[in-house]
Amino acid sequence: LKSGRQEKLRLYEELAHTARTSDDLDEIVPGAIHGRVDTLFLKNREDVYGTFDQSANKVDIDEEKGISNASLLNMAAAKTFLQNGTVYLLEPEEMPVEVAVANAVFRY
């Protein structure tokens, strides 16, 4: 499992700064919902709450958890997993982009 993770981290590095990777939830969440995410790296013990408007394909991030929002990271992870993607929970220093809560490698 660890070698697979290392391979995916290397792939992220190779594809960094192209349209095939992102550390932006505005791209990652819709990508996961539409089956574009091959590999999702999530920062351990972090979460981001908000909503996803499917008709507008838009993410709205909220300051805190509320009754009308959800964990965007859990949503992205579940959608990635259900569409045969791989999800890794990493420590902050292991993340491809350390300041981001999520990094993704897209299928296309």
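Scroll up for the structure.
These numbers come from a predicted model, not from an experiment.

Parameters at a glance
Residues numbered from 1 in each chain as written. Predicted model: local features only at pLDDT ≥ 70, side-chain atom pairs only at ≥ 80, totals over all residues. Heavy atoms only, no water. Core = buried A, V, L, I, M, F, W, Y, C linked by side-chain atoms within 4.5 Å. Buried < 20%, exposed > 50% of the residue type's maximum accessible area, 1.4 Å probe, protein only. Helix = DSSP H or I, 4+ residues; strand = E, 2+ residues; numbered from the N terminus. Axes fitted to C-alpha atoms, helices over the stretch in contact; angles between N-to-C directions. Left-handed = near helix turned anticlockwise from the far one by under 90°. Contact = heavy atoms within 4.5 Å. Nonpolar A, V, L, I, M, F, W, Y, C, P; charged D, E, K, R; others polar.

Draft legend 1. Representation of the nonpolar core within the structure. Ranked by size, the top nonpolar core spans 19 residues in total, and within it Leu-25, Val-29, Leu-40 and Ala-102 carry the most contacts. Secondary structure elements with two or more residues in this core: helix H2 (25–33), strand E2 (37–43), helix H3 (72–82) and strand E7 (102–106). Top contributing element to this core by residue count: H2, with 5 residues. Counting 8 residues, the second largest nonpolar core, distinct from the first, contains Leu-9, Tyr-88, Met-95 and Val-105.

Draft legend 2. Summary view of the packing of H2 against H3. For the pair H2 and H3, interaxial distance at closest approach is 8 Å and the crossing angle is 35°. Where H2 crosses over H3, the two elements pack in a sense that is left-handed. Touching Leu-25, Ile-28, Val-29, Ala-32 and Ile-33 of H2 are Leu-72, Leu-73, Met-75, Ala-76, Lys-79 and Thr-80, all from H3. Grouping the amino acids of the contact of H2 with H3 by side-chain chemistry returns 9 nonpolar, 1 polar and 1 charged.

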